[in-house]
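Coordinates in review
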Amino acid sequence: MRLFGATLLCGLILLSLALGASDLSLRDLILTPEGRAMALESRVPRTLAALLAGAGLAMSGQVMQVLARNRFIEPMTAGAGQSAALGVLLCTLVLPGAAIGVKMGAASLAALAGSLGLMALIRPLPPTQPLLVPLVALVYGGVIGAVVSFVAYQGDMMQFLGTWLTGELSGVLRGRYELLWIAGLASAATYLIADRLSLLTLGEDSARALGLNVGLVTAAAVAAVSVVTAMVVVTLGAIPFVGLVVPNLTTRLTGDNLRRALPLTALGGAVLVLAADILGRVIRQPYEVPVATTIAVIGAVAFVILLNRERHHV
């Protein structure tokens, strides 16, 4: 499975590099000066941005599902993504000339607050009603999204709101995507604690009995999820459902062992986002469909299917 996924990803990378507004072929991108300049300035950064965002969002979704002990939530639609957008918005209103690092910090802190708020909200929900968690998470994210829209309207910033709430890669250039490497590092950090996170699937009491510092591991995981979500929102905008669809597919192949699941999840997320970006480029050439729109259609259908399947199993 991993070999097939890696082969598919390599093919998508080559296709992504070959597609563009200009008629330059892969051969031109390598052998001609103008082709190499085009590749380094636009096509390689765009491809890397899709890979980093897809892998990071998928891994973050799987980690959040472990923390929430529910497979039907993911950060971008459950408050973290909307909170990151709110953080960027407030920072822009209060400090209009703030550097990108300041906005990055504001988005990360806001996403962290949003994630902690969700955890506190779903903690008292009865485990016998698993469908309550995703529904509460969607409502929670919707409320924060409404606050974002209200603040943007009051601050005459509605024209910028679509940039933060709709993920797309058409504006990715060299020098405008590098924050996603921070998301990549945060995702790698979750892999380092994968075995400890796997213990959380047994329940907090059992994990503590096995010697796990539940509070510390949970805090580290929530921080990593928040950083990944914030970096994607700041750089590309919100890309929903990646962290929902991909982990649910990979766990059916690997089980709950995160040490085995996370690499496959990262691979699946990278494939999904890159394939959706390529599809968005060819559907309405020479125009582009945002990658968030393409994935949202796929993700919404998958979400309904997964909920119905769980309902039949309950």
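These remarks concern the structure in this document.

**Considering the overall build of the chain**
The number of helices and strands found in the chain is 14 helices and zero strands. Moving toward the C terminus, one meets the helices and strands of the chain in the order α-α-α-α-α-α-α-α-α-α-α-α-α-α. A compact globule built from 314 residues should have a C-alpha radius of gyration of about 20 Å, and the chain, at 19 Å, falls within 12% of that. By the burial criterion, 50% of the 314 residues in the chain qualify as buried. Across the chain, the fraction of contacts at a sequence separation of at least 24, relative to all contacts at a separation of at least 6, is 75%. In the structure as shown, the chain presents an accessible area of about 14600 Å², 68% of it carried by carbon and sulfur atoms. Across the chain, the 20 positively charged side chains and the 15 negatively charged ones have centroids separated by 6 Å.

**Quick look at the environment of Phe160**
Summarising the element assignment, Phe160 is placed in helix α7 (residues 158-165). For the pair Phe160 and Glu178, spaced 18 residues apart in sequence, the C-alpha to C-alpha distance is 21 Å.

**Details of the packing of aromatic side chains**
The final tally for this structure, using the stated rule, is zero aromatic pairs. The ring centre of Tyr191 lies 4.7 Å from the NZ or CZ of Arg259, which sits over that ring.

**Quick notes on the nonpolar core**
Counting residues in hydrophobic clusters, the biggest one holds 50 residues, and the most contacted among them are Leu236, Ile239, Val242 and Ile295. Looking at which element gives the most residues to this core, the answer is helix α13 (residues 258-283), with nine residues. Core analysis: the second largest hydrophobic core is formed by 37 residues, Met64, Ala68, Leu89 and Ala207 among them.

**Points about the packing of helix α12 (residues 242-254) against α13**
Two measures define how a pair of helices packs: the angle their axes make with one another and the distance between the axes. The contact between α12 and α13 brings their axes to 9 Å, and the two run at 135 degrees. As the angle between them shows, α12 and α13 are arranged oblique. The handedness of the crossing between α12 and α13 is right-handed. In this structure, α12 contributes Val242, Val246, Pro247, Thr250, Leu253 and Thr254 to the contact, and α13 contributes Arg260, Ala261, Leu264, Thr265, Gly268, Gly269, Leu272 and Val273. Within the contact of α12 with α13, the residues separate by chemical class into eight nonpolar, five polar and one charged.

**A few points about the packing of helix α5 (residues 100-122) against helix α11 (residues 214-235)**
Their axes nearest at 8 Å, the elements α5 and α11 cross at an angle of 130 degrees. Our classification of the angle between α5 and α11 gives oblique. Remark: the crossing between α5 and α11 carries right-handed chirality. Taken together, the residues of α11 that come into contact with α5 (itself represented by Ile100, Lys103, Met104, Ala107, Ser108, Ala111, Leu112, Ser115 and Leu116) are Val222, Ala223, Ser226, Val227, Ala230, Met231 and Val234. In terms of residue class, the contact of α5 with α11 is built from 12 nonpolar, three polar and one charged.

**Remarks on the environment of Leu86**
In this structure, Leu86 sits in helix α4 (residues 80-94). Expressed as a C-alpha distance, the spacing of Leu86 and Ala50, which sit 36 residues apart in the sequence, is 23 Å.

**Observations concerning the pattern of salt bridges**
Scanning all chains against the criterion turns up three salt bridges. Between Asp195 and Arg259 there is a salt bridge, with its nearest N and O atoms 3.0 Å apart. Of this pair, Asp195 sits in helix α9 (residues 194-200) while Arg259 sits in helix α13, placing them 64 residues apart in sequence. Owing to a relative accessible area of 41%, Asp195 belongs among the partly exposed residues under this scheme. Across the pair Arg281 and Asp277 runs a salt bridge, and its minimum N-O distance is 2.9 Å. Note that Arg281 and Asp277 are positioned in helix α13 at a spacing of four residues, about one turn of the helix. Connected through salt bridges with shared partners, the residues Arg46, Asp277 and Arg281 form a single ionic network.

How each quantity is defined
Residues numbered from 1 in each chain as written. Predicted model: local features only at pLDDT ≥ 70, side-chain atom pairs only at ≥ 80, totals over all residues. Heavy atoms only, no water. Helix = DSSP H or I, 4+ residues; strand = E, 2+ residues; numbered from the N terminus. Rg over C-alpha atoms; globule rule 2.2 N^0.38 Å. Buried < 20%, exposed > 50% of the residue type's maximum accessible area, 1.4 Å probe, protein only. Contact = heavy atoms within 4.5 Å. Areas by Shrake-Rupley, 256 points an atom, 1.4 Å probe, with all protein chains shown as cover. Lys, Arg positive; Asp, Glu negative; His and termini not counted. Charge placed at Lys NZ, Arg CZ, Asp CG, Glu CD. Phe/Tyr/Trp six-rings, centres within 6.5 Å; stacked < 30°, edge-to-face > 60°. Lys NZ or Arg CZ within 6 Å of the ring centre and 35° of its normal. Core = buried A, V, L, I, M, F, W, Y, C linked by side-chain atoms within 4.5 Å. Axes fitted to C-alpha atoms, helices over the stretch in contact; angles between N-to-C directions. Parallel < 35°, antiparallel > 145°, perpendicular 65-115°, else oblique. Left-handed = near helix turned anticlockwise from the far one by under 90°. Nonpolar A, V, L, I, M, F, W, Y, C, P; charged D, E, K, R; others polar. Salt bridge = Lys/Arg side-chain N within 4 Å of Asp/Glu carboxyl O.

Don't take any of this as a statement about function, it's just geometry.
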